[in-house]
Amino acid sequence: IDSTILLVKVTESPVAAFSSSSTAVCGTSGTLHFKNETLTPAATTVNYKWLVNDMEVSQSRDLNRTFNVPSGSPLPYLYQVKLIATSSNGCADTTEQTIRFNPLPDANYSTASSSGCAPFKLTLTNTSAYSDQFSWYLNNELVSTAAMPEIILPSPNSTYTLKLVTANVYGCVKDSVSRTFTTLPSPVASFNLAESRSCNGKLDISIQNTSSGATSYTWNFGDGSAPKTGPAPAHTYGRPGVFTLLL
């Protein structure tokens, strides 16, 4: 009879775990703290390795790390943070978390013109980036939540401020942009005639234009002649009749 003895030692593995100060960051940079919460077997030494996107960055127990999203990278941008806990007996465990860098909304819009005659319909082009929620304020009053609303400025000779506030699904801080628009005074057509009657079958009229707020004028003399332009054109009625002069 023969015999042999083999000692078998069974040890516990560490259970890797950590928490982070945040797993979602607005913007393209941020400093985060990662607290090591690994469960370690009694009387066992444990070593740690921290990896970011599979690149080792630290062997400390906890990790403080500043992240900068590479320039030109599409957002959201993801970092994989991994913790490997290895005991002195060679037993190891791994855990990881995803850190997401979300885009900040960028509010912007353009218009074909900043002034016009009332009612002035704005031709808007919404060029906002990373935005999917829109609030339009006309003189501080909410008028639309559409991406491309139809906005009309009703009153002549007035100044309006149109503000666009944008947000996104990531809950990042809102952004806004404001622009000022003006409506022009409405023209008032008015004129007088030195003479409006003639007894000889012919009348040379002399126009006194008293209009205001106008820059161009068109006159229809009501006698079949071609319309004339200008502030006060000369005209002769060459036959008897009653004619309506329209400005």
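Numbers given to residues run from 1 along each chain, matching the order in which its sequence is written. A pLDDT threshold of at least 70 governs which residues receive local features in this predicted model, and a stricter bar of 80 or more applies before side-chain atom pairs are shown or counted, although totals over entire chains, interfaces and linings include all residues. Calculated side-chain values reflect all of the structure's heavy atoms, with hydrogen atoms and water omitted.

Focus on the overall build of the protein chain
Step number 1: Strands are runs of DSSP state E lasting at least two residues, helices are runs of H or I lasting at least four, and both sets are numbered from the N terminus onward. A count of helical and extended segments in the protein chain gives zero helices and 23 strands.
Step number 2: As a reference, a globule follows 2.2 Å times the number of residues to the power 0.38, and the radius of gyration itself is taken over C-alpha atoms. Here the C-alpha atoms of the protein chain give a radius of gyration of 40 Å, more than 25% beyond the 18 Å that 2.2 N^0.38 yields for 247 residues.
Step number 3: Dimensions along the principal axes, computed over C-alpha positions, put the protein chain at roughly 155 × 30 × 25 Å.
Step number 4: Any residue under 20% of the maximum accessible area for its type is buried, any over 50% is exposed, and the rest in between are partly exposed; the area is computed with a 1.4 Å probe on protein chains only. The burial tally for the protein chain puts 30% of its 247 residues in the buried class.
Step number 5: As displayed, the protein chain has an accessible area near 15,200 Å², and 50% of this comes from carbon and sulfur atoms.
Step number 6: Positive residues here are Lys and Arg, negative ones are Asp and Glu, while His and the chain termini are left out of the count. Charge coordinates come from a single atom per side chain, which is NZ of Lys, CZ of Arg, CG of Asp or CD of Glu. Taken together, the 15 basic and 16 acidic charged side chains of the protein chain have centroids lying 10 Å from each other. For every accessible area listed, the method is Shrake-Rupley and the probe measures 1.4 Å; residues are considered covered only by the protein chains on display.

Some details on the environment of G171
Step number 1: With respect to the helices and strands, G171 occurs in the loop between strand 16 (159-167) and strand 17 (175-184).
Step number 2: Exposure remark for G171: the relative accessible area of 62% places this residue in the exposed category.
Step number 3: Sequence spacing of G171 and P103 is 68 residues, and the spatial spacing of their C-alpha atoms is 9.8 Å.

A look at the sheet that holds strand 13 (residues 133-138)
Step number 1: DSSP bridges decide pairing: two strands pair if at least two such bridges lie between them. If you trace the five strands from one edge of the open sheet to the other, you get 10-17-16-13-14, paired in mixed fashion. Strand pairing shows two members of the sheet lacking a second neighbour, strand 10 (115-117) and strand 14 (141-144), which therefore form its edges. Strand-to-strand twist across the sheet, computed as the mean angle between neighbouring axes with direction ignored, equals 35°.
Step number 2: One ladder, built from six bridges, connects strand 13 with strand 16; its direction is antiparallel. Bridging from a neighbouring strand, S135 pairs with V165 of strand 16. The angle between two axes is taken between their N-to-C directions and runs from 0 to 180 degrees, where each axis is a line fitted to C-alpha atoms and a helix contributes only its stretch in contact.

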